[in-house]
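Coordinates in review
Chain by chain, the residues:
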Amino acid sequence: MYIPLLSLAAIAIKRFCKRTAAFLEQAVQSEQAIFAHYAARRWCDSTERALNEELMGRGSWLGNRFGSQND
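Residues numbered from 1 in each chain as written. Predicted model: local features only at pLDDT ≥ 70, side-chain atom pairs only at ≥ 80, totals over all residues. Heavy atoms only, no water.

Some words on the overall build of the chain
- Regarding its fold elements, the chain presents three helices and zero strands.
- Listed by position from the N terminus, the elements making up the chain come as α-α-α.
- For the chain, the residues scored as buried account for 8% of the 71 residues in total.
- Of the roughly 6400 Å² of accessible surface on the chain, a fraction of 61% belongs to carbon and sulfur atoms. (Helix = DSSP H or I, 4+ residues; strand = E, 2+ residues; numbered from the N terminus. Buried < 20%, exposed > 50% of the residue type's maximum accessible area, 1.4 Å probe, protein only. Areas by Shrake-Rupley, 256 points an atom, 1.4 Å probe, with all protein chains shown as cover.)

Spelled out as structure tokens, the structure:
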């Protein structure tokens, strides 16, 4: 009785860890793409502002959902 329950719990934990790792990897890759995009630009206030807005999630689902957008 307990062994199947423990097996199901272990499978659920394993899947959760895999999904979390995939989500975090995607976040790292998107940040690297943002850095590469701004690396070739001339550095000024508007560039810094745009970079900060992208890194802080402006325009993302999470940013829009929780009101991090300052319009």
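Observations concerning the environment of E31
- Along the chain, E31 turns up in helix α1 (residues 2-39).
- Sequence separation between E31 and L55 is 24 residues; the distance between their C-alpha atoms is 7.0 Å.

Observations concerning the packing of α1 against helix α2 (residues 45-55)
- Look at α1 against α2: their axes get within 11 Å of each other, and the N-to-C directions meet at 170°. When the interaxial angle is binned, α1 and α2 end up roughly antiparallel. Here E31, I34, F35 and Y38 of α1 lie close against α2, whose contacting residues are T47, A50, L51, E54 and L55.
- For the contact of α1 with α2, the per-class residue count stands at six nonpolar, one polar and two charged. (Axes fitted to C-alpha atoms, helices over the stretch in contact; angles between N-to-C directions. Parallel < 35°, antiparallel > 145°, perpendicular 65-115°, else oblique. Contact = heavy atoms within 4.5 Å. Nonpolar A, V, L, I, M, F, W, Y, C, P; charged D, E, K, R; others polar.)

Remarks on a positive patch on the surface
- Taken together, K14, R15, K18 and R19 make up a surface patch of like positive charges.
- Following the sequence through the fold, R15 ends up in helix α1. (Patch = residues over 30% accessible without salt bridge, like charges linked within 9 Å, V, L, I, M, F, W, Y side chains within 5 Å. Salt bridge = Lys/Arg side-chain N within 4 Å of Asp/Glu carboxyl O. Lys, Arg positive; Asp, Glu negative; His and termini not counted. Charge placed at Lys NZ, Arg CZ, Asp CG, Glu CD.)

Let's talk about the confidence of the model for the chain
- Of all residues in the chain, 79% attain a pLDDT of 70 or more, and the chain-wide mean is 78.
- When pLDDT is averaged over each element of the chain, α1 comes out on top at 87 and helix α3 (residues 61-65) at the bottom at 56. (pLDDT = per-residue confidence, 0-100.)

Notes on a nonpolar patch on the surface
- On the surface, Y2, L5, L6, L8 and I11 cluster together to form a nonpolar patch covering roughly 590 Å² of accessible area.
- The topology assignment puts L5 in helix α1.

Remarks on the environment of A50
- Take A50: it is sitting in helix α2.
- Looking at A50, the relative accessible area reads 22%, which means it is partly exposed.
- A sequence separation of twelve residues divides A50 from Y38, and the C-alpha atoms of the two residues are 9.1 Å apart.

What about the side chain of T47?
- Assignment of secondary structure puts T47 in helix α2.
- When residues no more than four places from it in sequence are discounted, the contact partners of T47 are Y38, R41 and R42.

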